[in-house]
Every structure is written in structure tokens, then in C-alpha cells.
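A look at the structure
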Amino acid sequence: MRKGIAVVKSSPTSSRRTTRITSIDTPLSMSSCSELQCSICLDVFTDPVSTPSGHNFCKTCLNKCWDNSQTCNCPYCKETFNQRPDLKINTTLREIVDHYKNKSTEKKPEVLCDFCEERKLQALKSCLVCQSSYCETHLQPHLRVAGLKKHKLMEPVSNLEDYICQKHERPLELFCRDDQTCVCLSCTEGDHKNHNTVSLEETELMIQDVQMMIQDRVKKIQDIKHSAEIRKRNTEKEKAARVELFTDLIRSIERCQTEVLEMMEEQQKAAEKQEQELIKDLEQEITELKMRNTELEQLSHTEDHLHLLQIYSSLCSSTNTRNWPEISMKTHKNLKTLRRALTQLQETLHEKLAQTELKWMQQYAVDVTLDPDTAHPNLILSDDGKQVRYGDIWQKLPDNPERFDHSPNVLGKEGFSSGRFYFEVQVKGKTNWTLGVAQESIKRKGEIKLRPGNGFWTVILRNKNEYKACAGPAVSLCLRVKPQRVGVFVDYEEGLVSFYDVESSSHIYSYTGQPFNGKLYPYFSPSLNYGGVNSIPLIITTVTYNK
């Protein structure tokens, strides 16, 4: 039995000394040691930290790596992070590393050869049968002589008596599970007969398995803590983003409210001023009419009828009264103007709300690249995987299970099975297209029907201006403007797929409460060329997210 496998102690009994395993103290294997090494400096971790992708590095090594790079990514798997992660010491992993370092630096007792006469050399092996330790020279007979080859050799130890059965003076080669004791072969014919025994080599393997299980569970605990920490940070960031966005929205509402109230107050003041002017004009006209009436009464007593007619004609022709129906219509017109202003403010408010919602969604933008292994043979993809158009030539491509063979479709490379994600596609100048997301398990061969029940959540354009949501049955969409760039947002846990006109910040359509199952992939179809009318490609654009 190797020293590193079990620490054994002997205790006297009435007839013999029983050796029991009191503690397990196995050093970490070379494979375990490699798991505790930083892949940057290739040394055992110092202040280990974890990236959001779950890989571990020395804190100093990772910071130096990021300081010397324009992008922030995991040196092991190359996953890129939008923001530089806040690195914190992985305390669980540090404890494991410290334990390993302490074990590695423990000074092993020096065991000398029992057969060197003058200057004793360090022993290379100990023999349980001979109960002696040998240097490399004196060990040679055990390696050559047939009889000695059968002896039980082990790593050199100074306390060989602890590895020998004191009753039978034979090597302790077995472990009795019933009595939890190391025994020799002779013991299994006496006191331990019919007991459940295993070889110490098997015991060693079991101990190693147990230690691997412990290490595996420690790593799982570490991963759970790391995931919880990331989720907490993301939640805090999302809360802060939502507070900022809704604060902006509240300010916009208050601004609109102030503008409406100011406009109403101005209209009220204008109406009051107009009413006062009308009253003043009416009073003045009444005064003038009364004066003319008095003059007419005075003239009526004269006998100069010719002069009377001349003056009367002059009085009648000089009368300058207002057109009151026209004034009433002007007041009504002012009220219509006020209502129209209120409607415009309401529309502005709705647009601001849509802008706020779109702005919040854009923070979940992902880098989408087209997967050539799924592309229909007539589709032509750009070298960077960001554009797709329909070609008239059927390309000779491998007919792999992932490839569409009937409809001109293609999927994104990366799939998503949790969280939220968002991407934008330029559709400017096209007369037909299809966009959305699809489940990994969708049908790829033959005719395909786009509907949620078949694993598709899409919006389509047909015949230049016919927009529909393929909700099974299709839902016709009335859009005020023709979208030039379409944003697609998915919240996996909420079962939500939303489509937005990016430039006008207007909502197009949403699928809600959808039962997603497995990974979701971005879905694209540039449709047929239709004689060159629809030859412009679909283009995956970079999302500009302004906080």
C-alpha cells in the first residue's frame, strides 16, 4: 500500500495488533494539479478569479491580458464581453489551491537504505516481505531474481511495521470493509473469514474516486455561486437601466403635460381677450346706434323731407357692425386647433414610449452571424456572414441534416436557450422578406409552414407593402411607414418575441406567452429575386445602443 493512500495506526489487542485506516490523505494527482493551473502563466493559481464564461485565471494574469488588449474576452474560450467584468477572488478555488500548496510543500521524512554500510543512500523502495528499504543499487535483486520479483514493493517509508500484520507477519494487502481494518491474506482465513475484503489497490481507486467526486461537487458549488453572482450583477444593471429609461419617460410625460397646460392656458387667455374685445366693440356699436337713433328722431320732426332722406341714407351706409356668425366660427376653429394639438402630443408620447422600450431592448444586442451549414443552396452569403441574398444558381453543397432544401432560408450560428437577446436587420429596398426566430428542432426539408406550432415566430413582407405576422392564421399588419431596419427582441423566460421598426421606433408585432423548447436561432429569408426586383440582400447591422 502506498503511503499517500492511507494513514494507518496500530493498536494492541489481546491476540494481535489491528491496523485501522484513521484518515485519508491522498495527494492531488497530476491531472488534478493541471486543473489548478492558470492557462496564461502555466503555474498554480495565485488569487484565482473566474470569467463570466466560467474559466479560471490568476487575477494578475487576466488583468494584464485585458490591459494589453482592445477587447475584453476570455483567453481560454475567446468569448467576448461587452463590459469588462468586475473580478472577485474565487474563495472556494483559492482554498483548494492553498490546500494543494500546503500538501506539496510538506517535507517528507527521509528514508535511508538499510543495506548501505558506510554512507547510507536514500531509499528508492521499501519491501513489505523483507521489511527493509533499499537504495537503487541494493534494490536490483528485487528487480532481477524471480522469487524476489513477487515481493510487495512500495514507496519508501520508515514505519514498515505499520504495514505488516503483527499476528501473521505478512503484508497488509487487503482492506476489510466489515471491520474497517487493513488485513493480510492469512487474516481472511481466520478472524476475517467470509468478511467483505478488497485489495488496497481497489481501496486506493475508491479513495481517488471519492476525492474526484468531492472536487467535482466543489466545482459545482463554485459554478453555482459564480452564476448567482453574475445573475445578481445583471439584475442590478437591468434595474438601473429600467430606472433610467422610465425616469426619462416620466420626464417626457411631465414635459408633454406642461406643454398641454401651457397651450390650454394660452388658448384660454386668447379666448378671454377676444371676448373682451367683442364686448367692447358691441358696446361701441350700441352707443353709435343709439346716437343715430336720436338723430333720426330729431330729423323726423322736420319738414325738409329731402334733407332727411339724404341724412338717413348717409347714416345707413356708414353703419359698421361685425359679422357675428363668422366670429363664432373662428372660436370653433380655435377649439379644433387645440384638440389637434392634444392629439399630436398624445402621438408624441406614444412614440417616446416606443423609443424607451426599444432603447431598453437594444441593451441585449448580440452578435449574429449566418450559419452556412443551414443555408439553402440558392442563397449567397457574404464572407463575414452578415448578408444573404438569393442567387439563381443552385450550388453543390453537402446535403447535411441542418440545411434547408426547399425554402430559401438560413439560420444564425448561435442559439439561445435562456435570457434575452436582440438583433437588427436592414430590409431597405426589398419587396419580399421573412425575419424572426426558429427552434432548433424545426423541419428543414421539404415545404415548411411558418407558424408558432411548427417552431417559427416570424413577420413577413410580400408584394412590396403587405406585412403579416405568421401567427397561424396570419395576422395582417397596418404600418404607417415602410420599415427600413427591423429589430427582433426575444425574452426566453417570458415567451416573448417582438418586432420593431428601428428608425421610427414603432412597434410592429409581438408574440406573447410562447412555450419555447430548446434553443432558439435567428431566422432569415431574403425570398426569391423575382426578376431582379428583390435582389437586394438582407443585412445584419450593428446595433447602436446609447445609454
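What counts and what doesn't
- Residues numbered from 1 in each chain as written.
- Predicted model: local features only at pLDDT ≥ 70, side-chain atom pairs only at ≥ 80, totals over all residues.
- Heavy atoms only, no water.
- Helix = DSSP H or I, 4+ residues; strand = E, 2+ residues; numbered from the N terminus.
- Buried < 20%, exposed > 50% of the residue type's maximum accessible area, 1.4 Å probe, protein only.
- Areas by Shrake-Rupley, 256 points an atom, 1.4 Å probe, with all protein chains shown as cover.
- Salt bridge = Lys/Arg side-chain N within 4 Å of Asp/Glu carboxyl O.
- pLDDT = per-residue confidence, 0-100.
- Contact = heavy atoms within 4.5 Å.
- Arc of directions from axis to C-beta.
- Pairing = 2+ DSSP bridges.
- Lys, Arg positive; Asp, Glu negative; His and termini not counted.
- Axes fitted to C-alpha atoms, helices over the stretch in contact; angles between N-to-C directions.
- Disulfide = S-S within 2.5 Å.
- Polar contact = N/O pair within 3.5 Å; in protein donor to acceptor, adjacent residues only side chain to side chain.
- Phe/Tyr/Trp six-rings, centres within 6.5 Å; stacked < 30°, edge-to-face > 60°.

**Some thoughts on the overall build of the protein chain**
Counting secondary structure elements, the protein chain contains eight helices and 23 strands. For the protein chain, with 547 residues in total, the buried portion stands at 36%. Approximately 33,300 Å² of the protein chain is accessible, and the part contributed by carbon and sulfur atoms is 51%.

**Here's the deal with the pattern of salt bridges**
In this structure the tally under the stated criterion is ten salt bridges. We note a salt bridge from Arg-84 to Asp-67, for which the minimum N-O separation is 3.0 Å. Separated by 17 residues along the polypeptide, Arg-84 in the loop between helix H2 (59–67) and helix H3 (91–105) and Asp-67 in helix H2 bring together distant segments of the chain. Arg-485 is the partner of Glu-424 in a salt bridge, and the nearest nitrogen-oxygen pair spans 2.6 Å. One end of the pair, Glu-424, is in strand S14 (residues 420–426); the other, Arg-485, is in strand S19 (residues 485–491), with 61 residues separating them in the sequence. Classification of Glu-424 as buried rests on a relative accessible area of 0%.

**Things to note about the environment of Ile-89**
Within the secondary structure layout, Ile-89 lies in the loop between H2 and H3. Residues Ile-89 and Ser-50, spaced 39 residues apart in sequence, show a C-alpha to C-alpha distance of 7.8 Å.

**Points about the confidence of the model for the protein chain**
Per-chain confidence: the protein chain averages 81 in pLDDT, with 81% of residues scoring 70 or above. Confidence over residues 1–32 falls short of pLDDT 50; this stretch has 75 contacts with residues more than four positions distant or in other chains.

**Some thoughts on H2**
Among the residues making up H2, those that are buried are Cys-61, Leu-62 and Trp-66. Each buried residue of H2 sits inside an arc of 125° when the element is viewed along its axis, so together they form one side. Away from its buried face, by an angle of more than 90 degrees, H2 presents the exposed residues Lys-64 and Asp-67. In this structure, the buried residues of H2 make contact with strand S3 (48–50) and strand S4 (56–58).

**Comments concerning the sheet that holds strand S22 (residues 520–525)**
With antiparallel pairing, the six strands of this open sheet are ordered in space as S13-S22-S15-S16-S17-S18. Every other strand in the sheet has two partners, leaving strand S13 (410–411) and strand S18 (475–477) as the edge strands with one partner each. Alignment of strand S15 (residues 433–439) against S22, held across six bridges, turns out to be antiparallel. Looking at the pairing, Leu-435 lines up with Phe-524 of S22.

**Examining the pairing of strand S12 (residues 387–390)**
Residues Val-388 and Tyr-390 line the buried face of S12, whereas the alternating positions Gln-387 and Arg-389 sit on a face that is not buried. The sheet contact formed by strand S11 (residues 379–381) and S12 spans three bridges and is antiparallel. The residue of S12 that forms the bridge with Ile-380 is Arg-389. Here S11 folds back onto S12, and the loop between the two strands holds five residues, one of which, Gly-385, carries a positive phi near 70°.

**Focus on the side chain of Arg-403**
For Arg-403, the location among the structural elements is in the loop between S12 and S13. Buried charge without a partner: Arg-403 forms no salt bridge, and the closest opposite charge is Asp-373, 4.6 Å away. Residues within four places of Arg-403 in sequence aside, it is in contact with Pro-372, Asp-373, Thr-374, Ala-375, Pro-377, Leu-397, Pro-398, Arg-444 and Lys-445.

**Considering the environment of Glu-229**
Tracing the backbone through its elements, the reader meets Glu-229 in helix H6 (residues 200–299). Looking at Glu-229, the relative accessible area reads 27%, which means it is partly exposed. For the pair Glu-229 and Pro-52, spaced 177 residues apart in the sequence, the C-alpha separation amounts to 9.6 Å.

**A short note on the sheet that holds S19**
What the seven strands build is an open sheet, ordered S11-S12-S23-S14-S19-S20-S21; its pairing is antiparallel. Only two strands of the sheet have a single partner each, and these edge strands are S11 and strand S21 (506–511). The mean angle between the axes of side-by-side strands here comes to 20°, regardless of whether they run parallel or antiparallel. Sheet analysis places S14 next to strand S23 (residues 538–541), joined by three bridges and oriented antiparallel. Counted as the bridge partner of Glu-424 is Thr-541 from S23.

**Digging into the state of the cysteines**
Evaluated as defined, the whole model comprises zero disulfides. Unpaired in this structure, Cys-41 has its nearest cysteine sulfur neighbour in Cys-61, at a distance of 3.8 Å. Between Cys-65, a cysteine without a disulfide, and Cys-72, which holds the nearest cysteine sulfur, the sulfur-to-sulfur distance is 8.7 Å.

**As for the pairing of S22**
Burial of S22 is extensive: six of the six residues sit out of reach of the surface. Note: S13 against S22, two bridges, orientation antiparallel. From the neighbouring strand, Val-410 faces S22, where its bridge partner is Phe-524.

**Remarks on the side chain of Asn-56**
Tracing the sequence through the fold places Asn-56 in strand S4. Owing to a relative accessible area of 17%, Asn-56 belongs among the buried residues under this scheme. A distance of 2.5 Å separates polar atoms of two side chains, one belonging to Asn-56 and the other to Ser-50. Each residue touching Asn-56, except ones within four places of it in the same chain, is listed here: Phe-45, Val-49, Ser-50, Asn-90, Leu-93 and Gln-222.

**As for unusual backbone geometry**
Residue Gly-472 is joined to Pro-473 through a cis peptide bond whose omega torsion reads 5°. With respect to the helices, strands and loops of the structure, Pro-473 is situated in the loop between strand S17 (466–469) and S18. In this structure, Ser-505 takes a positive phi of about 55° despite not being glycine. Inspection of the secondary structure assignment puts Ser-505 in the loop between strand S20 (496–501) and S21. One non-glycine residue, Tyr-530, lies in positive phi territory at about 55°.

**Details of the packing of aromatic side chains**
Following the criterion strictly, the structure yields 14 aromatic pairs and no others. Ring centres of Phe-423 and Phe-524 lie 5.8 Å apart, and the angle between their planes is 55°; on these two criteria the pair is classed as tilted. Of the two residues, Phe-423 sits in strand S14 while Phe-524 sits in strand S22, which places them 101 residues apart along the sequence. By relative accessible area, Phe-423 is classed as buried at 1%. Residue classification places Phe-524 among the buried residues on the basis of a relative accessible area of 1%. Considering the side-chain rings of Phe-456 and Tyr-523, the 5.4 Å spacing of their centres and the 75° angle between planes classify their relative orientation as edge-to-face. Of the two residues, Phe-456 is situated in strand S16 (residues 456–462) and Tyr-523 in strand S22; the sequence distance between them amounts to 67 residues. Classification of Phe-456 as buried rests on a relative accessible area of 1%. In this structure an aromatic cluster arises from ring pairing among Trp-360, Tyr-364 and Phe-489.

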